[in-house]
Structures are given as C-alpha cells and as structure tokens.
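# Fold and contact review
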Amino acid sequence: MKNIIVFAGSNSKKSINKQLAIYASSLVEDVKVDILDLNNYELPLYGIDYEVDHGIPDNAHKFLEAIKSSDGIILSLAEHNGVYSTVFKNLFDWMSRIDGKLWSEKPMLLMATSPGARGGATVLEIAKGRFAFMGGHIIEDFSFPSFNDNFSEGKITNEALNSDLKNKVASFQKTL
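Residues numbered from 1 in each chain as written. Predicted model: local features only at pLDDT ≥ 70, side-chain atom pairs only at ≥ 80, totals over all residues. Heavy atoms only, no water.

### Some points on the packing of helix α3 (residues 58–68) against helix α4 (residues 86–98)
α4 packs onto α3 with a crossing angle of 80° between their chain directions and a minimal axis gap of 9 Å. Relative to α4, the element α3 is oriented roughly perpendicular. Of the residues in α4, those touching α3 at Ala60, His61, Phe63, Leu64 and Ile67 are Leu91, Trp94, Met95 and Ile98. Per-class residue counts for the contact of α3 with α4 are eight nonpolar, one polar and no charged. (Axes fitted to C-alpha atoms, helices over the stretch in contact; angles between N-to-C directions. Helix = DSSP H or I, 4+ residues; strand = E, 2+ residues; numbered from the N terminus. Parallel < 35°, antiparallel > 145°, perpendicular 65-115°, else oblique. Contact = heavy atoms within 4.5 Å. Nonpolar A, V, L, I, M, F, W, Y, C, P; charged D, E, K, R; others polar.)

Rendered as structure tokens:
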C-alpha cells in the first residue's frame, strides 16, 4: 500500500490549512495517510552560526526522512504577509541544509487557503516557483478561497470548489 504524508505549513493548533490538507487526504483512496504536525518538529531558528556550533537538529532529519519514505505529499501552506509562515520556512531552511532537493521528486498536491478571497494564492505562487528547484514534483495545486464561508464540519461545502479539488486529488492519485 502506498503511503502519503499530509501536513500544513503552519503550527497553529486550529490551522485551517491543516483542516484542508486532512480533508484532501480523505479523498485519496487505498493509501496509508500519515498526518504530520509541525509542532512535533520544533527547531531552533536557522542560522549558519548555530549550524556550525551544534549541527543540524534531529527534527530536521526526522521530517526529511518522512518525506523521503513517502510515496506522495499533500501540503497546504499558510500565508503570512504574502509568504510562508515562519515555522514552515524555518523547517524548509533546515531540511535544505541536509538535501538541496529535499522534496525528492515525490508527487505533490500543493494547496493554500485563507479566510480571504485570494485563498493563499500569493504563497502558492511563491512555492510553485521555488519548490521546482528543490526536487518538487507538483502534480496539482489548489487555492481555496474564503475558508470560513466554504468549509464546515471537516469538508468543503461549496460544490464547485469541492469538485475542483476532487479532480485534482484524482490527478494526484494517478501518480502514486
């Protein structure tokens, strides 16, 4: 059985991106799903001086190993001031010090959501541009607008958006 990892680029305990990622993973059939929480991978703020003095923290190695041992990735990025959240960027920086191609060409469904109408579109565009240089194999991307208006009780309530996500999940699943 194939194994996918699912996580949000957020450390919020009520992350709307984590809710979206979990919902998307529920649409993938016949796979083992590992839901990762960035709160379980605490890391010091990346800095070359810290790396020289202490090396690369174990949690960066552990998260990278989860990526490498998976067959696919579902990631929903939180957008803070138009870019990645600090916790995600820090993890990303640490893992890139271990392996510059950290995404390991794993098939990826890349998403973002926000309470606003743009649905994290800015961070999604940044990630699509950057991840390709770092072993990212983005099969589909999905910007989910107005989370609070379109998501309830663990699922998307807007039929057009739900249908769009289901089509993207089906495309992602074909690559596993």
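### A short note on the side chain of threonine 113
Note on placement: threonine 113 falls in strand β6 (residues 107–113). There is a polar contact of 2.7 Å between the side chain of threonine 113 and the backbone oxygen of phenylalanine 144. Apart from residues lying up to four places away in sequence, threonine 113 is in contact with Ile16, Asn17, Leu20, Ser76, Leu77, Gly119, Gly120, Phe144 and Phe147. (Polar contact = N/O pair within 3.5 Å; in protein donor to acceptor, adjacent residues only side chain to side chain.)

### Side note on empty space enclosed by the protein
Applying the stated rule across the entire model yields one cavity of 30 Å³ or more. Reported here for the largest cavity is a volume of approximately 50 Å³. Every residue along the wall of the largest cavity is listed here: Ala8, Ser10, Ser12, Ser15, Lys18, Leu36, Asp37, Leu38 and Asn39. Class assignment of the residues belonging to the lining of the largest cavity gives a composition of three nonpolar, four polar and two charged. (1 Å grid on protein atoms, 1.4 Å probe; cavity = no way out; pocket = protein on both sides within 12 Å on 5 of 7 lines; lining within 4 Å. Points joined across faces, edges and corners; volume = space filled by probe spheres on them.)

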